Amino acid sequence: MVQQYVFLVTMLVIVITPIVVYARKEYNIRKEKNVIEILCNMLFPNGEEQLTETIESLMEITSNRFSTKDVLDYYLKIKGLQILDLNTIGNDDVSNYVTQPTRIRLHYDELVRFYEKYINYPQAKGLNATQH
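Along each chain, the written sequence defines residue order, and numbers are assigned to residues from 1. Since the coordinates come from a predicted model, pLDDT governs what is reported: local features require at least 70, and pairs of side-chain atoms require 80 or more to be given and counted, while whole-chain, interface and lining totals use all residues. Calculation of side-chain values draws on the structure's entire complement of heavy atoms; hydrogens and water are dropped beforehand.

Draft legend 1. Spotlight on helix α2 (residues 48–61). Compared with the 20 Å implied by 1.5 Å per residue over 14 residues, the 20 Å span of α2 between its first and last C-alpha is a close match. The secondary structure elements touched by the buried residues of α2 are α1 (2–43), α3 (68–83) and α5 (108–119). Helix and strand assignments follow DSSP, with helices taken as H or I runs no shorter than four residues and strands as E runs no shorter than two, numbered in order from the N terminus. Of the residues flanking the end of α2, it is S63, one or two places downstream, whose phi is positive at about 55 degrees. Here, expected helix span is obtained from the residue count minus one, scaled by 1.5 Å. Residue contacts are counted whenever heavy atoms from the two residues lie within 4.5 Å of one another.

Shown next, in the form of structure tokens:
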């Protein structure tokens, strides 16, 4: 009788664990997509054309060494840190995303060109995590 319960519990754990792991992974993917959409709306107010131009420029700076997704991740995290007021109480997911390490690392010359082109712009006023 006890062996049946142990077997049943073991089988439940074996069946439920992959489902929970998969569900958590899907939740994190959806959350990241939502955060990327929020940041893109803030950083690219002129829409898809502005996003495309920026990605193409970054791909040129990096000599197409990285994927579009990785370059976008880099831009959103670095530029997002610059424009977001992380001290305001707002969207924790956005704050958590921009404070995570970037997926890629740029060489020194790429980094200099990136900062010259994008980070030296004056900070956009009035953007914070609570408004979006």
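Anyway, onward from the coordinates.
Draft legend 2. Representation of α5 within the structure. Classification of residues uses two cut-offs on accessible area relative to the type maximum, computed with a 1.4 Å probe and protein chains only: under 20% is buried, over 50% is exposed, and between them is partly exposed. Buried within α5 are the following residues: E110, F114, Y118 and I119. The buried residues of α5 occupy an angular sector of 105 degrees when the element is viewed end-on, so they sit on one face. For α5, exposure combined with an orientation more than 90 degrees from the buried face picks out Y108 and E116. In the core, the buried residues of α5 are packed alongside α2 and α3. Working note: the arc is built from the helix axis to C-beta atom directions.

Draft legend 3. Here's a closer look at the confidence of the model for the chain. On a scale of 0 to 100, pLDDT captures the predictor's confidence in every residue. Overall, the prediction assigns the chain a mean pLDDT of 87, with 86% of residues at 70 or greater. The least confident element of the chain is helix α4 (residues 92–98), whose mean pLDDT is 90; the most confident is α2, at 95.

Draft legend 4. Structural context of the side chain of E110. Within the secondary structure, E110 is located in helix α5. At 2.7 Å, the side chain of E110 forms a polar contact with the side chain of R65. Leaving out residues up to four positions away in the same chain, E110 has contacts with I61, T62 and R65. Counted as a polar contact is a pair of N or O atoms within 3.5 Å, where, for protein atoms, one must be capable of donating a hydrogen and the other of accepting one, and residues adjacent in sequence contribute only when both atoms are in side chains.

Draft legend 5. Unusual backbone geometry, seen in detail. For S63, which is not a glycine, the phi torsion comes out positive at approximately 55 degrees. By the secondary structure assignment, S63 is in the loop between α2 and α3. Although it is not a glycine, N64 adopts a positive phi angle of roughly 55 degrees. Topologically, N64 is positioned in the loop between α2 and α3.

Draft legend 6. Just the environment of K77, in detail. Its place among the elements puts K77 in helix α3. In this structure the C-alpha to C-alpha distance between K77 and I36, which are 41 residues apart in sequence, comes to 9.6 Å. Every residue in contact with K77, bar those within four places of it in the chain, is listed here: Y97, V98, Q100, P101 and T102.

Draft legend 7. Inspection of the packing of α3 against α5 at higher detail. Lines fitted to C-alpha atoms define the axes here, with helix axes fitted over just the stretch in contact, and angles between the N-to-C directions of these axes take values from 0 to 180 degrees. At their nearest, the axes of α3 and α5 sit 12 Å apart, and the two run at 50 degrees to each other. The orientation of α3 relative to α5 falls into the category oblique. Two packed elements cross with a definite hand, and for α3 against α5 that hand is right-handed. Contact residues: Y74, Y75, I78, K79 and Q82 in α3; L111, F114, Y115, Y118 and I119 in α5. Any residue that is not Ala, Val, Leu, Ile, Met, Phe, Trp, Tyr, Cys, Pro, Asp, Glu, Lys or Arg is counted as polar, Gly included; the first ten are nonpolar and the last four charged. Residue composition of the contact of α3 with α5, by class: 8 nonpolar, 1 polar and 1 charged. By definition in this entry, angles of less than 35 degrees are roughly parallel, angles greater than 145 are roughly antiparallel, angles of 65 to 115 are roughly perpendicular, and the rest are oblique. Take the far helix as the reference: if the near one is turned anticlockwise from it by less than a right angle, the crossing is left-handed, and if turned clockwise, right-handed.

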